[in-house]
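What follows is the residue order along each chain.
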Amino acid sequence: MDLTENIANISLHEEQTAKKRNDYIDWQEYFMAVAFLAAKRSKDPKTQVGACIVNNDNKIVGIGYNGMPIGCNDDDFPWGKNTPSPLDSKYLYVCHAEMNAILNKNSADVKDCTIYVGLFPCNECAKMIIQSGIKKVVYLSDKNAHRPEYIASKKMFNASNIIYKQYKPRISKIEINFDIDWDLVSPTK
Ligand SMILES: O=c1ccn([C@H]2C[C@H](O)[C@@H](COP(=O)(O)O)O2)c(=O)[nH]1
Ligand SMILES: [Zn+2]
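Just so it is clear, the structure is predicted and the values come from calculations on it, not from any experiment.

Scoring rules and cut-offs
- Residues numbered from 1 in each chain as written.
- Chains lettered and ligands numbered in written order.
- Predicted model: local features only at pLDDT ≥ 70, side-chain atom pairs only at ≥ 80, totals over all residues.
- Heavy atoms only, no water.
- Phe/Tyr/Trp six-rings, centres within 6.5 Å; stacked < 30°, edge-to-face > 60°.
- Helix = DSSP H or I, 4+ residues; strand = E, 2+ residues; numbered from the N terminus.
- Buried < 20%, exposed > 50% of the residue type's maximum accessible area, 1.4 Å probe, protein only.

Digging into the packing of aromatic side chains
Then step 1. One pass over the structure, following the stated rule, counts 9 aromatic pairs.
Then step 2. Centroid distance Trp-27 to Tyr-30: 6.1 Å. Interplanar angle 55°. Geometry classified as tilted. Residue Trp-27 and its partner Tyr-30 are both found in helix α2 (residues 27-39); the two are separated by 3 residues, about one turn of the helix.
Then step 3. Centre to centre, the rings of Phe-120 and Tyr-139 are 4.8 Å apart; their planes meet at 90°, and the pair counts as edge-to-face. One end of the pair, Phe-120, is in the loop between β3 (114-119) and α4 (123-132); the other, Tyr-139, is in strand β4 (residues 136-141), and 19 residues separate them in sequence.
Then step 4. Using a relative accessible area of 7% as the deciding quantity, one classes Tyr-139 as buried.
Then step 5. In textbook terms, an aromatic cluster arises when at least three aromatic residues are bridged by ring pairs, as seen for Trp-27, Tyr-30, Phe-31 and Tyr-116.

This is the structure in structure tokens:
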């Protein structure tokens, strides 16, 4: 066997025994990352929230982030928090991420689905989650847990048998790199 034949045989053997990669992200990481990616669309200068709704077949059926309603120009509507008049702060106008994800659904309904969200849902979103038939909430931060709206959310979720579970990341960062050298990743023949 000459050298070229030998190299060809070695590379054939490598191809035939190739194993799947094992550093892929799991479903939870994927759905929470989609929620976080959606949040990057938010124009809120202080708090960007994203939500991703998933059905029992692990199919994404809705994505949303906090933003102004359609027709309400986000350059004209306010983004402040503590203004003398409530009419001049964002709170009366901004649509929450969970609400947008539910309303943006691309399936007939979101019954029995799970919603992945960066921030634990407020009481208004909790009502929408319950009424839409979503059965599980996976959230990352519960930073507002002490506030009455969020205590109310938990009261309602408990009464309606909605499961809520804090997501504990296995990895702290998922990187998206558009600057990949595809020829290095999978050399063309
Ligand atoms: O359930 C929730 C609660 C809040 N949001 C959005 C609404 C606002 O744009 C921000 C909260 O602003 P703060 O400056 O942190 O008060 O988060 C949401 O999308 N879903
Ligand atoms: Zn809300």
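Once you've had a look at it, read on.
With respect to unusual backbone geometry
Then step 1. The phi torsion at Asp-112 lies on the positive side, around 65°, for a residue other than glycine.
Then step 2. Relative to the elements of secondary structure, Asp-112 occurs in the loop between α3 (97-103) and β3.
Then step 3. In this structure Asp-112 comes out as partly exposed when scored by relative accessible area, which is 43%.
Then step 4. One non-glycine residue, Asn-161, lies in the positive phi region at around 55°.
Then step 5. Relative to the helices and strands, Asn-161 resides in the loop between α5 (148-159) and β5 (163-166).
Then step 6. Taking the relative accessible area as the measure of exposure, Asn-161 reaches 63% and is therefore exposed.

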